[in-house]
Amino acid sequence: MNNEKLIHAIERYERSWLLFALVMIVVFLIFIGYTLTGFAFYVPSAAERIDPTTVRNEGSLFANPRVEKTGDNVYTAYVLAQAFTFLPGEIRVPKGAKVVFYVTSPDVQHGFHIRGTNVNVQVIPGEVGKVEHTFDEPGEYLVICNEYCGLGHQDMIGKIIVEDK
Ligand SMILES: [Cu+2]
């Protein structure tokens, strides 16, 4: 093989790899787009900033951690993730309800993961994290802190009860 032929052969080889990489990128983009539309994909967002030192004071959105009905089959939960509990410790909603969670921390960083769902938010003091989920299956869901927050971290567990009615 003379030099020129060899260079052409390499170019062809390179070109096929480039093409393969491009096809894979397109395939990945299609998969991501598909999950965005088909799997109740929800990106947690920072809803607003809040002063973590006064978040428990009267007048604050989180002074009284709670879940309330805010629409037709829509519930809004104001959750305080603190060392080492979630408030409210138990949230009750009916089956099929969409629950909008606002979560914040008065102390250190925590995690808010609802087992068996794709809800998984980092809870940062000073920020209100917003995430939503529709509970189609009745049952008990555990809320787990999955960001290390101190000695009680492994016991930081909450509960969501989805009632069948
Ligand atoms: Cu925690």
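Parameters and conventions
- Residues numbered from 1 in each chain as written.
- Predicted model: local features only at pLDDT ≥ 70, side-chain atom pairs only at ≥ 80, totals over all residues.
- Heavy atoms only, no water.
- UniProt positions renumbered as here; feature names shortened; annotations may be inferred.
- Helix = DSSP H or I, 4+ residues; strand = E, 2+ residues; numbered from the N terminus.
- Domains from an automatic or database assignment.
- Donors = N, O, S within 2.8 Å, 3.2 Å for Na, K, Ca; no water.
- Tetrahedral: all angles 85-135°; square planar, octahedral: opposite > 155°, others 65-115°.
- Buried < 20%, exposed > 50% of the residue type's maximum accessible area, 1.4 Å probe, protein only.
- Polar contact = N/O pair within 3.5 Å; in protein donor to acceptor, adjacent residues only side chain to side chain.
- Contact = heavy atoms within 4.5 Å.

Q: When you look at the UniProt feature "domain: Cytochrome oxidase subunit II copper A binding" (unreviewed entry) in the protein chain in this model, what are you seeing that I'm missing?
A: According to UniProt, the "domain: Cytochrome oxidase subunit II copper A binding" (unreviewed entry) feature falls on residues 62-165. Annotated as residues 62-165, this span is 0% helix and 58% strand, and its ends, taken at the C-alpha atoms, are 29 Å apart.

Q: Looking at this structure, how should I read the domain arrangement of the protein chain?
A: How large an interface is tends to be reported as the accessible area lost when its parts come together. Domain boundaries assigned for the protein chain yield domain 1 (1-41) and domain 2 (45-163). Placing the centre of domain 1 and that of domain 2 at their C-alpha centroids yields a distance of 42 Å.

Q: What exactly am I supposed to notice about the coordination of the copper ion here?
A: Every protein donor of the copper ion is accounted for by His110 (ND1), Cys145 (SG), Cys149 (SG) and Met156 (SD), and the metal-donor separations fall at 2.1 to 2.4 Å. Angles of 97 to 122° at the metal separate the 4 donor atoms of the copper ion, which places the site in the tetrahedral class. Here the donor residues of the copper ion are spaced in sequence according to H-x34-C-x3-C-x6-M. Of the two residues, His110 is situated in strand E7 (residues 110-114) and Cys145 in the loop between strand E10 (139-144) and strand E11 (157-163); the sequence distance between them amounts to 35 residues.

Q: Explanation requested: the side chain of Thr117 in the structure shown.
A: Tracing the backbone shows Thr117 in the loop between E7 and strand E8 (120-123). Its relative accessible area of 14% is what places Thr117 among the buried residues. One polar contact links the side chain of Thr117 to the main-chain carbonyl oxygen of Ile114, over a distance of 2.7 Å. Among the polar contacts made by the side chain of Thr117, one reaches the main-chain amide nitrogen of Val119 at a distance of 3.1 Å. In this structure, Thr117 is in contact with His133, Phe135 and Tyr141, ignoring residues within four places of it in sequence.

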